Number of protein chains: 6
Amino acid sequence: MIKRIMYIHPVRVTDPLFRDELLSFLRAEMDPDVEVEVTSLSRGPLHLRYRYYEALVLPDVLNRLKAAEDRGFHASIIGCFFDVGLQEARELLHRLAVVGPCQASVQIASTLCRRFSIIVGSGKGIPRIEENLRAYGAHHLLASFRAVDLPVLELHQNRADAVRRLREAGRAAVAQDGAEALILGCTATFGYWRELQAELGVPVIDPIIASFKWAELAAGLSERYQWLPGRIGAYEPPPESEMGAWGLLPADDLEP
Amino acid sequence: MIKRIMYIHPVRVTDPLFRDELLSFLRAEMDPDVEVEVTSLSRGPLHLRYRYYEALVLPDVLNRLKAAEDRGFHASIIGCFFDVGLQEARELLHRLAVVGPCQASVQIASTLCRRFSIIVGSGKGIPRIEENLRAYGAHHLLASFRAVDLPVLELHQNRADAVRRLREAGRAAVAQDGAEALILGCTATFGYWRELQAELGVPVIDPIIASFKWAELAAGLSERYQWLPGRIGAYEPPPESEMGAWGLLPADDLEP
Amino acid sequence: MIKRIMYIHPVRVTDPLFRDELLSFLRAEMDPDVEVEVTSLSRGPLHLRYRYYEALVLPDVLNRLKAAEDRGFHASIIGCFFDVGLQEARELLHRLAVVGPCQASVQIASTLCRRFSIIVGSGKGIPRIEENLRAYGAHHLLASFRAVDLPVLELHQNRADAVRRLREAGRAAVAQDGAEALILGCTATFGYWRELQAELGVPVIDPIIASFKWAELAAGLSERYQWLPGRIGAYEPPPESEMGAWGLLPADDLEP
Amino acid sequence: MIKRIMYIHPVRVTDPLFRDELLSFLRAEMDPDVEVEVTSLSRGPLHLRYRYYEALVLPDVLNRLKAAEDRGFHASIIGCFFDVGLQEARELLHRLAVVGPCQASVQIASTLCRRFSIIVGSGKGIPRIEENLRAYGAHHLLASFRAVDLPVLELHQNRADAVRRLREAGRAAVAQDGAEALILGCTATFGYWRELQAELGVPVIDPIIASFKWAELAAGLSERYQWLPGRIGAYEPPPESEMGAWGLLPADDLEP
Amino acid sequence: MIKRIMYIHPVRVTDPLFRDELLSFLRAEMDPDVEVEVTSLSRGPLHLRYRYYEALVLPDVLNRLKAAEDRGFHASIIGCFFDVGLQEARELLHRLAVVGPCQASVQIASTLCRRFSIIVGSGKGIPRIEENLRAYGAHHLLASFRAVDLPVLELHQNRADAVRRLREAGRAAVAQDGAEALILGCTATFGYWRELQAELGVPVIDPIIASFKWAELAAGLSERYQWLPGRIGAYEPPPESEMGAWGLLPADDLEP
Amino acid sequence: MIKRIMYIHPVRVTDPLFRDELLSFLRAEMDPDVEVEVTSLSRGPLHLRYRYYEALVLPDVLNRLKAAEDRGFHASIIGCFFDVGLQEARELLHRLAVVGPCQASVQIASTLCRRFSIIVGSGKGIPRIEENLRAYGAHHLLASFRAVDLPVLELHQNRADAVRRLREAGRAAVAQDGAEALILGCTATFGYWRELQAELGVPVIDPIIASFKWAELAAGLSERYQWLPGRIGAYEPPPESEMGAWGLLPADDLEP
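Residues numbered from 1 in each chain as written. Chains lettered and ligands numbered in written order. Predicted model: local features only at pLDDT ≥ 70, side-chain atom pairs only at ≥ 80, totals over all residues.

Draft legend 1. Structural view of the overall build of chain A. A tally of helices and strands in chain A yields 9 helices and 8 strands. Rg of the C-alpha trace for chain A: 18 Å, near the compact-globule value of 18 Å for 256 residues, within the 12% margin. Expressed as lengths along the three principal axes of its C-alpha atoms, the size of chain A is roughly 60 × 35 × 35 Å. Scored against the burial criterion, the 256 residues of chain A give a buried share of 62%. Taking all contacts inside chain A whose residues are at least 6 apart in sequence as the whole, residues at least 24 apart take part in 74%. (Helix = DSSP H or I, 4+ residues; strand = E, 2+ residues; numbered from the N terminus. Rg over C-alpha atoms; globule rule 2.2 N^0.38 Å. Buried ≥ 20, exposed ≤ 12 C-beta atoms within 10 Å, placed from the backbone. Contact = placed C-beta atoms within 7 Å.)

Draft legend 2. Structural context of the relation of the copies chain B and chain C. Mapping chain B onto chain C calls for a screw motion: a turn of 180° about the axis and a shift of 0.0 Å along it, with 0.0 Å RMSD after fitting. The transformation relating the two chain copies, once decomposed into turn and shift, fits a two-fold axis. Distance from the rotation axis, computed per C-alpha, reaches its smallest value in chain B at Gly-137 of chain B: 2.1 Å. Mapped onto chain C, 100% of the interface residues of chain B are again interface residues, and the two copies thus contact each other with one and the same surface. (Least-squares fit on C-alpha atoms with pLDDT ≥ 70 in both.)

Draft legend 3. Just the interface of chain B and chain C, in detail. Contacts between the two partners involve 33 residues from chain B and, on the opposite side, 33 residues from chain C. Looking at the side of chain B that touches chain C, the elements that each hand over two or more residues are helix H4 (101-109) and helix H8 (207-225) of chain B. Per-class residue counts for the side of chain B that touches chain C are 20 nonpolar, 9 polar and 4 charged. (Nonpolar A, V, L, I, M, F, W, Y, C, P; charged D, E, K, R; others polar.)

Draft legend 4. Expanded view of the arrangement of the chains. For chain A and chain D, which are not in contact, the least C-alpha distance works out to 16 Å. With no contact formed, the shortest span from any C-alpha in chain B to any C-alpha in chain F equals 16 Å.

Draft legend 5. Highlighting the pairing of strand S6 (residues 142-147) of chain F. Residue and element names in this part refer to chain F. Bridge analysis of strand S5 (residues 116-120) against S6 gives 5 bridges, and the strand direction is parallel. Following the sheet pairing, Phe-116 is matched in S6 by Leu-142. Once the chain exits S5 it traverses helix H5 (residues 126-136) before rejoining the sheet at S6, and the crossover so formed is right-handed. (Pairing = 2+ DSSP bridges. Right-handed = clockwise from strand over helix to strand, strands pointing away.)

Draft legend 6. Representation of the sheet that holds strand S4 (residues 97-99) of chain F within the structure. Residue and element names in this part refer to chain F. Ordered in space as S2-S1-S3-S4, the 4 strands form an open sheet in which the pairing is parallel. Each having just a single partner strand, strand S2 (34-41) and S4 make up the two edges of the open sheet. Taking each pair of neighbouring strands and ignoring which way they run, the sheet shows an average axis angle of 20°. Alignment of strand S1 (residues 3-12) against S2, held across 8 bridges, turns out to be parallel. Paired with His-9 across the two strands is Ser-40, which belongs to S2. The strands touched by helix H8 (residues 207-225) are S1, S2, strand S3 (75-78) and S4; relative to S4, the strand with the most contacts, the crossing angle is about 160°. (Axes fitted to C-alpha atoms, helices over the stretch in contact; angles between N-to-C directions.)

Draft legend 7. Region of interest: the domain arrangement of chain A. All names here are of chain A. Domain boundaries in chain A define domain 1 (3-100 + 209-245) and domain 2 (103-206). With 18 residues of domain 1 in contact, the opposing surface of domain 2 contributes 18 residues. Mapped by element, the contributors of at least two residues to the side of domain 1 that touches domain 2 are helix H1 (20-29) and helix H8 (207-225). A per-element tally of the side of domain 1 that touches domain 2 places H8 first, with 4 residues. Its residues assigned to classes, the side of domain 1 that touches domain 2 shows 12 nonpolar, 4 polar and 2 charged. (Domains from an automatic or database assignment.)

Draft legend 8. A look at helix H5 (residues 126-136) of chain B. Residues and elements named next belong to chain B. Those residues of H5 not exposed but buried are Ile-126, Pro-127, Arg-128, Ile-129, Ala-135 and Tyr-136. If you follow the buried residues of H5, they end up packed against H4, strand S5 (116-120) and strand S6 (142-147). Within two residues after H5, Gly-137 carries a phi angle of roughly 75°, on the positive side.

Draft legend 9. Spatial organisation of the pairing of strand S1 (residues 3-12) of chain A. The buried fraction of S1 of chain A is high, at 8 of 10 residues. Handedness of the crossover joining S1 of chain A and strand S2 (residues 34-41) of chain A through H1 of chain A is recorded here as right-handed.

Draft legend 10. Just unusual backbone geometry, in detail. Here Asp-83 of chain A, not a glycine, exhibits a phi torsion of approximately 55°, which is positive. A residue is classified by how many C-beta atoms lie within 10 Å of it, and Asp-83 of chain A, with 28 of them, is buried. In the Ramachandran plot, Asp-149 of chain D falls in the positive-phi region, its phi being about 55° despite a non-glycine side chain. Tracing the chain through its elements places Asp-149 of chain D in the loop between strand S6 (142-147) and helix H6 (159-177).

Draft legend 11. View of the environment of Asp-149 of chain A. Taking the C-beta count within 10 Å as the criterion, Asp-149 of chain A has 11 such neighbours and is therefore assigned exposed. Separated by 122 residues in sequence, Asp-149 of chain A and Arg-27 of chain A have C-alpha atoms that sit 30 Å apart.

Draft legend 12. Broad picture of the environment of Val-34 of chain D. Residue and element names in this part refer to chain D. The topology assignment puts Val-34 in strand S2 (residues 34-41). Through-space distance from the C-alpha of Val-34 to that of Ala-219 is 9.7 Å; in sequence the pair is 185 residues apart. Those residues within four positions of Val-34 in sequence are excluded, and the remaining contacts are Lys-3, Ile-5 and Glu-216.

Draft legend 13. Main features of the packing of helix H4 (residues 101-109) of chain F against H5 of chain F. Residue and element names in this part refer to chain F. It is at 11 Å that the axes of H4 and H5 come closest, and there the two elements cross at 60°. The orientation of H4 relative to H5 falls into the category oblique. In this structure, H4 meets H5 at a crossing whose hand is right-handed. The segment H4 lies against H5, with Cys-102, Gln-103 and Val-106 engaging Ile-129, Asn-132, Leu-133 and Tyr-136. Split into classes, the residues belonging to the contact of H4 with H5 amount to 5 nonpolar, 2 polar and no charged. (Parallel < 35°, antiparallel > 145°, perpendicular 65-115°, else oblique. Left-handed = near helix turned anticlockwise from the far one by under 90°.)

Draft legend 14. Spotlight on the sheet that holds strand S1 (residues 3-12) of chain E. All names here are of chain E. Sheet architecture is open: 4 strands sit in the order S2-S1-S3-S4, paired in parallel fashion. The sheet is open, and its two edges are formed by strand S2 (34-41) and strand S4 (97-99), each paired on a single side. Averaged over all neighbouring strand pairs, the angle between strand axes comes to 20°, with direction disregarded. In the packing of helix H2 (residues 51-70) onto the sheet, contacts are made with S1, S2, strand S3 (75-78) and S4, and the angle to S1 comes to roughly 165°.

Draft legend 15. Expanded view of the packing of H2 of chain E against helix H2 (residues 51-70) of chain F. Between H2 of chain E and H2 of chain F, whose axes approach to 9 Å, the crossing angle comes to 135°. It follows from the interaxial angle that H2 of chain E and H2 of chain F lie oblique. In this structure, H2 of chain E crosses over H2 of chain F, and the sense of that crossing is left-handed. Touching Tyr-52, Ala-55, Leu-56, Leu-58, Pro-59 and Leu-62 of chain E of H2 of chain E are Tyr-52, Ala-55, Leu-56, Leu-58, Pro-59 and Leu-62 of chain F, all from H2 of chain F. Looking at side-chain class alone, the contact of H2 of chain E with H2 of chain F contains 12 nonpolar, no polar and no charged residues.

Draft legend 16. A look at the confidence of the model for chain A. For chain A, per-residue confidence averages 95 on the pLDDT scale, and residues scoring 70 or more make up 98% of the total. Scored as a whole, the predicted complex attains pTM 0.97, and scored at its interfaces, ipTM 0.96. (pLDDT = per-residue confidence, 0-100.)

Draft legend 17. Examining the environment of Lys-124 of chain A more closely. Here Lys-124 of chain A is to be found in the loop between strand S5 (116-120) and helix H5 (126-136). In this structure Lys-124 of chain A comes out as partly exposed when scored by C-beta crowding, with 18 C-beta atoms within 10 Å. In sequence terms Lys-124 of chain A and Ala-147 of chain A are 23 residues apart; their C-alpha atoms lie 9.1 Å from each other. Sequence-distant contacts of Lys-124 of chain A, that is, excluding residues within four places in its chain, are made with Arg-49 of chain A together with Glu-236 of chain B.

Quick look at the structure:
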């Protein structure tokens with residue numbers, strides 16, 4: 001069986017880095033039985049610093065996920081550390097396993113330490129991620145947040161400067177906050193983990209790798225064991241008939 | 001000063017009950033210095049049982065709120081007990097106080113008892129409301145959820161049957177779960193509180209009244225004291241310039 | 001309907017500021033359909049820094065509230081940020097809505113931000129307020145306490161010095177602790193909020209205004225909807241007959 | 001060294017059982033180096049079912065404790081499972097160790113099991129005790145409350161009936177709620193533990209014995225090591241000079 | 001790269017089912033690039049119902065894990081739902097990823113639902129597992145425990161009876177406790193998940209499969225990214241030199 | 001009745017200080033009706049900085065406790081602030097009360113303040129103790145940990161240096177962290193409390209004294225009231241017959 005995995009940027013992407021380089025990056029990391037696609041939205045904001053922007057992209061993201069399900073993908077990653085739409089996707093979809101970089105990173109980190117710090121681009125994202133940590137039950141494992149004060153779109157423009165800031169933040173988290181491992185709290189930092197880990201001497205989790213490897217796992221669990229979200233309670237899905245009658249079918253994609 | 005309050009159904013409404021009767025209901029309850037409008041969406045689902053439906057209405061709801069702000073309203077109620085879009089609205093808007101029926105009901109109930117139960121239409125909504133309670137810090141005040149197994153759209157169709165079921169659920173919550181007050185966990189039950197309270201002998205909170213009275217309060221706080229959401233941290237708003245450049249301005253209303 | 005509201009200082013007051021000026025202050029803030037009285041105890045301590053002092057005033061405060069209820073008041077504010085006697089009053093009283101400055105401030109702040117700091121006169125009050133926050137379910141919203149090291153009775157004596165200290169504490173809370181809004185954690189600071197808010201750029205909650213506006217709301221809820229504390233469980237009231245037989249009737253006021 | 005321990009009923013006591021029999025009971029249980037006195041209030045309610053009653057007795061209880069300190073007692077027990085005045089006493093007093101039956105029982109029980117149930121006279125007391133458990137950090141050890149629906153004053157009048165009800169409640173707690181030990185949540189049940197423990201086969205904690213033995217321990221810790229409440233922060237005591245100037249000195253006993 | 005995985009029964013095993021059949025079971029489930037061994041202790045108890053038994057096997061389990069590390073295994077599963085020795089192993093070992101069935105099952109379940117129930121052999125294990133859930137931050141996701149009252153050693157002896165009991169317990173958890181997914185809380189139930197899931201219509205997590213698939217993931221993370229437990233703080237390992245000097249080296253295996 | 005108490009070092013002890021001096025120390029502190037023995041292991045590590053070391057000593061510690069029970073001791077102290085084996089011992093033993101220095105210190109401190117700091121030898125122990133605090137329900141009382149960066153074996157070698165470091169850490173905890181009392185978080189610091197308390201002016205809990213006095217209490221509770229761990233649920237003991245059949249009887253002591 002080939003595991004087909006879709007990586008979705010829940011934003012409009014203009015920088016080819018996040019298309020071509022990311023695709024190469026993922027291909028270098030993936031298992032031999034995997035196929036990967038990278039996609040992004042055709043409209044909307046370039047980043048999700050604001051909840052309003054999240055709200056705007058949410059329908060498009062879910063429709064993209066539905067389309068991926070229809071095309072036979074087995075797993076999908078919503079490529080933002082806020083895990084935007086993760087709960088909604090698990091309710092809506094029937095056969096596609098959906099993975100969030102924050103949840104995947106946190107689950108992996110919780111097997112590597114008892115306290116981790118999350119390095120974020122800016123402080124604005126902290127309450128948003130904190131909300132995720134509480135929902136995931138990981139708040140007691142948080143040593144600290146540390147912000148590097150770089151907008152997400154600049155995190156890849158001057159790689160040397162970004163790595164330098166991340167290193168300083170990470171070093172402070174280890175020395176002062178008791179962090180035993182670090183999570184890079186933004187998908188735009190992909191690839192930076194390696195030199196940070198080498199220099200800091202603690203595990204540094206790359207959220208894209210974490211979510212991609214989780215997606216490989218989830219694709220297998222879903223295919224072999226049908227371990228997909230339960231169809232009652234929180235994830236009871238909307239009925240096709242009602243969606244059809246009301247014109248809400250995701251096929252009804254709002255994107256041009 | 002006249003307090004102008006907008007009640008927004010975050011759904012498409014077909015039943016005149018939720019337009020005309022609700023407007024009359026609100027006018028009967030409002031303070032003399034208040035003006036009220038009731039509005040609803042022109043497209044989308046008729047209820048919000050599913051998170052996917054919430055996702056679909058979210059941009060339209062926020063844009064409606066932005067339009068209400070531009071028209072000079074002082075406060076607005078998002079008319080669903082899930083408080084859909086409440087966090088996003090508090091980030092986006094600058095002068096409009098936004099109120100959620102769940103938060104308003106819970107805050108009022110927490111001054112009337114140490115344990116309340118929430119009566120919901122169906123069990124599907126329980127994890128959704130529980131999430132709100134945790135965010136609001138009210139989970140330790142919850143005696144129980146009780147579901148009456150009526151779809152939201154039927155809660156007003158057979159009033160006698162609905163009241164009978166709510167009464168049974170409320171009675172069980174008081175007798176078996178230790179509830180000292182009750183909250184009706186669906187805005188479609190407006191008006192039912194009175195006979196339930198008379199029969200059950202404990203306070204029964206109507207979420208529309210609770211949120212409307214909170215909106216009157218919030219309108220005053222906002223006008224007199226500029227006590228509106230802080231502009232840093234969680235509610236730092238998206239900048240107009242960026243939204244303009246990217247074509248995201250709420251004026252860019254997606255509704256026909 | 002005229003809403004009659006009683007503001008009770010739960011201490012002996014010697015400074016006319018807290019009588020006449022406070023009354024003028026409240027009259028300037030109140031809605032047109034409100035009447036207000038300010039009262040204080042005729043014996044006991046001048047402040048409530050110590051729990052022992054709280055214990056001493058507690059019977060007198062409750063008896064004063066009972067007297068206010070008997071005189072037909074609709075709502076009452078216990079004028080200390082410790083909310084002294086709030087739970088007891090909600091058990092004892094049948095028709096008078098009782099409001100605490102801490103609970104009212106916290107409920108309003110929780111609609112304006114996801115993290116607030118409380119500025120207190122001295123560190124001694126912090127564990128006392130922290131206890132309230134836990135009971136109210138607001139502890140997860142606390143960014144920090146900051147103390148200005150001024151005794152409560154001096155907070156109004158040198159206004160310029162007090163405001164300067166509060167401003168410094170508030171600025172530190174915003175810059176270092178992640179506060180998105182501030183609460184002034186002492187009723188003796190009434191009126192200071194305005195210049196602090198103007199200078200600091202975040203909402204600054206005045207606990208007297210917050211509680212007074214909540215009292216206006218509560219008076220309406222109680223009159224129109226009988227939303228008063230439930231009579232079972234935590235707030236089951238002591239029976240008149242037993243109190244009479246044992247000579248405990250609040251009419252039995254201990255104050256001279 | 002003789003350890004002098006004062007047992008204070010924080011109520012007016014009319015039944016000689018709680019004076020003479022209790023004294024005999026304590027003398028039978030006490031260590032050889034202990035002297036004990038039993039006292040009660042000369043005015044006020046006969047029980048503390050209501051928070052208002054607690055408020056009424058609070059000044060008298062604290063003044064009695066102060067008097068006991070002045071007379072050279074080493075430890076004192078406030079004889080009600082609500083631990084009324086415990087925090088206040090620890091702030092006020094300098095040399096007298098004060099023990100609450102609830103805290104003592106819970107601390108002992110937490111060394112005997114991972115889940116206990118508390119058997120109470122009536123459901124009214126449950127929120128009150130729950131508040132204590134949260135403050136003491138014992139809430140996660142609670143299997144359940146079970147109420148026997150007997151007023152506190154009747155718990156000793158028909159001993160056979162009371163024991164029968166307690167046994168039924170305890171048996172249900174063990175069989176249905178997962179209790180591994182039981183606490184009798186009312187000091188009026190003193191002495192009943194023995195036959196309940198024999199019949200139910202799990203530890204049954206008598207709150208008077210628990211608090212008395214804790215008082216013996218605390219008397220020793222205080223005498224030998226000066227391990228008495230810290231004088232800063234939560235338990236910073238009111239200064240004698242201020243109390244004197246304001247006429248608040250506990251010597252100023254309000255009781256006739 | 002071949003991923004070498006060691007499944008360790010932390011008990012003495014006499015039933016060939018847990019050797020040969022389990023090995024076949026794992027081979028049927030494993031990825032093509034995996035090699036697996038199943039091993040067990042040569043002394044000690046046959047089950048771990050008691051903490052004392054856990055204490056007895058703990059040194060042997062850790063020494064076995066150390067031996068597996070020395071032999072070049074990449075990941076190991078400690079085959080008991082109590083995750084016995086998991087924290088200790090993560091401190092001790094440097095290159096071997098160690099997986100616990102409870103943590104792996106709970107992490108997978110938390111991506112499939114918002115509330116799960118755990119079906120256990122007997123109630124004795126509940127406080128033990130509850131302790132794990134609190135440490136893992138999953139307690140808020142627990143709908144209930146349900147016990148089938150079968151000793152672990154009988155769970156595979158009468159398969160039809162065991163499945164019947166598990167089905168009844170699972171059905172009750174779904175119908176009465178709000179479970180949206182189920183976890184089989186004992187590794188002795190391996191293989192039963194399939195018919196339970198088919199009949200109950202919710203995901204049923206097999207803890208051996210869950211931990212095995214997690215081990216495959218962890219082996220890859222460890223090999224490719226060196227994402228292994230951090231070497232500071234909670235998982236700072238004991239130094240070889242000190243262990244050597246004191247004769248504590250795991251090579252010093254106590255098993256005959 | 002003579003209370004016989006066994007103090008067990010859960011390590012191999014080479015320094016006579018911990019044998020002879022500790023015995024003298026305990027004899028000076030004990031009640032007149034007490035007999036005490038101090039013992040230690042005959043093999044294994046000299047300290048328990050690592051969880052692996054804890055795992056190694058655990059069977060020996062439990063077997064020593066079982067032997068103490070068989071010899072008629074009434075209570076025993078496991079002499080390490082990690083309370084190693086405390087839960088296991090309460091399950092295994094039938095007549096011997098077992099006390100942990102951390103639990104005893106925390107219970108006593110919680111009657112002396114609302115916030116305490118724990119001074120530890122090194123930061124490595126912090127997550128270990130934090131785990132205990134969460135289990136005991138004392139985490140909300142923790143002001144801070146402060147580490148003095150001295151290995152446990154050096155804490156008694158240069159007494160002046162150790163006291164100086166403890167004093168600095170304690171002073172910082174009081175001045176900066178809001179500590180109202182201090183706990184010395186290592187049994188190797190016995191005796192230092194006195195000068196620290198005198199200099200710092202807050203209660204300083206010596207964990208050996210705290211646990212020894214708790215053991216005196218527990219010995220009495222167990223002898224007079226049979227208040228020993230419940231025999232169902234978490235502390236249901238392993239049956240002698242099964243242990244005998246499997247050769248697990250603690251008599252089967254592994255120590256030479």
